[in-house]
Amino acid sequence: MLDELATAGRENLDPVHASQYDSKEDARAVDEVELLVEWGLDASSLVVDLGAGTGQFALASAAVCERVVAVDVSEVMLDQLRAKITRAGVTNIDVVRAGFVTYRHQARAADFVYSRWALHQIPDFWKSVALTRMRRAVRPGGVLRLSDIVYSFDPAEAEERIEAWCATLPAIAGPEGAWVRADIEEHVRDEHSTYSWLLEPMIERCGFRIESAVRSSDGFFAEYIARAT
Ligand SMILES: C[S@@+](CC[C@H](N)C(=O)[O-])C[C@H]1O[C@@H](n2cnc3c(N)ncnc32)[C@H](O)[C@@H]1O
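Every value quoted in this text rests on a predicted model; they were computed, and no experiment measured them.

Rules and cut-offs
Chains are numbered independently. Their residues run from 1 in the order of the written sequence. Given that this is a predicted model, residues contribute local features only at a pLDDT of at least 70 and side-chain atom pairs are listed and counted only at 80 or more, while totals for whole chains, interfaces and linings are drawn from all residues. A helix here means a DSSP run of H or I that spans at least four residues, while a strand means a run of E at least two residues long, and both kinds are numbered starting from the N terminus. The globule rule is 2.2 Å times the number of residues to the power 0.38, and the radius of gyration it is compared with is taken over C-alpha atoms. Neighbour density around each residue's C-beta defines its exposure: 20 or more other C-beta atoms within 10 Å make it buried, 12 or fewer make it exposed, and counts between make it partly exposed, where C-beta atoms are placed from the backbone. For each residue, a C-beta atom is positioned from the backbone; the residue is called near a molecule or strand if that atom sits within 6 Å of it. Any residue that is not Ala, Val, Leu, Ile, Met, Phe, Trp, Tyr, Cys, Pro, Asp, Glu, Lys or Arg is counted as polar, Gly included; the first ten are nonpolar and the last four charged. Lines are fitted to the C-alpha atoms to define the axes, a helix being fitted only along its stretch in contact, and any angle between axes, read from their N-to-C directions, falls within 0 to 180 degrees. Our contact criterion uses C-beta atoms placed from the backbone: two residues qualify when those atoms are within 7 Å. For two strands to be treated as a pair, DSSP must find no fewer than two bridges joining them. We define a nonpolar core as a collection of buried residues of the types Ala, Val, Leu, Ile, Met, Phe, Trp, Tyr and Cys that are connected via C-beta atoms lying within 7 Å of each other.

**A look at the overall build of the chain**
In terms of helices and strands, the chain carries eight helices and seven strands. Against the compact-globule benchmark of 17 Å for 229 residues, the chain has a radius of gyration of 17 Å, which places it among compact chains. Each principal axis of the C-alpha distribution contributes one length, and for the chain these read about 45 × 40 × 35 Å. Considering the chain as a whole, with its 229 residues, one finds that 37% of them fall into the buried category.

**Examining the site of the ligand**
Around the ligand, the surrounding shell holds 22 residues, and the nearest of these are G51, G53, S74, G99 and A118. Across the shell around the ligand, the residue classes tally to ten nonpolar, eight polar and four charged.

**Remarks on the packing of helix 6 (residues 158-166) against helix 7 (residues 181-190)**
At a closest axis distance of 9 Å, the pairing of helix 6 and helix 7 adopts a crossing angle of 150 degrees. Touching I162, W165 and C166 of helix 6 are R181, I184, E185 and V188, all from helix 7. Here the residues of the contact of helix 6 with helix 7 sort into five nonpolar, no polar and two charged.

**Quick look at the environment of S115**
Topologically, S115 is positioned in strand 4 (residues 110-116). Once residues lying within four places of it in the same chain are set aside, the contact partners of S115 are L50, G51 and L146.

**Describing the environment of T54**
Locating T54 in the fold gives a position in the loop between strand 1 (46-50) and helix 3 (56-62). The sequence separation of T54 and N12 amounts to 42 residues, and the corresponding C-alpha distance is 10 Å.

**Considering the pairing of strand 6 (residues 208-215)**
Across seven bridges, the pairing between strand 6 and strand 7 (residues 221-228) is antiparallel. For F208, the partnering residue across the bridge sits in strand 7 and is A228. Counting the residues that bridge the hairpin from strand 6 to strand 7 gives five residues, and of these G219 lies at a positive phi of roughly 85 degrees.

**Considerations on the nonpolar core**
Formed by 55 residues in total, the largest nonpolar core has its most connected members in V48, A58, V113 and L144. With residues near it in sequence (within four places) discarded, A58 still touches D49, A52, V68, A70, L81 and I93.

**As for the environment of T7**
Inspection of the secondary structure puts T7 in the segment before helix 1 (15-24). Residues T7 and H192, 185 residues apart in the sequence, show an inter-C-alpha distance of 9.2 Å. Excluding anything up to four places from it in sequence, T7 contacts L2, Q121 and I122.

Have a look at this one:
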């Protein structure tokens, strides 16, 4: 089995990073929930959020659905989520420490599987294992919302494109610990972002039909809505 702590990403296991995550990264959770409401998210929905992190999406979606299962390998990220759940008095989020390939879905089939900026942590073979598990966790016709750092340029352009991407961030963080160039360098070097032209057939091969694919114009991000077939 894949060691999902070894591939979790150095920063995701760092308590300082976890405590600063929400000020560094706005996961646009309210927009995401609004989008998923258009795809049928409602008060009867069961949502599984894989790689939930500090739970920006889990908390926003819990306000409109029946139950959220928030799954992450990182105890320090989940500590942030647990503290927010306690402060907000939320009772319909189950927090599970597990990974994409170790999580075993026990509840009824989910209506939505959600994953943002996390699947790139594991190599491509394991992404296919994870996507197969997601397909088993969701009911036929259920929805996968997958957003990630995904490359949509040609391999021949890779060196130039990656260098240009690195150059978009400063070398030194501001007071709130914002993302810096070294974060992109670490992502490219140590993590497993793949090409859209590999990931998209993989999503479909694992039992989903892609209904919407939005690839950012800079070639580094992709957002999918896919239905379980
Ligand atoms: C960049 S954060 C994204 C968190 C959240 N989804 C968001 O959009 O704000 C990546 C998260 O993926 C988690 N992660 C890394 N490897 C994982 C794995 N194999 N299974 C589940 N979660 C994983 C990390 O611990 C971290 O919380």
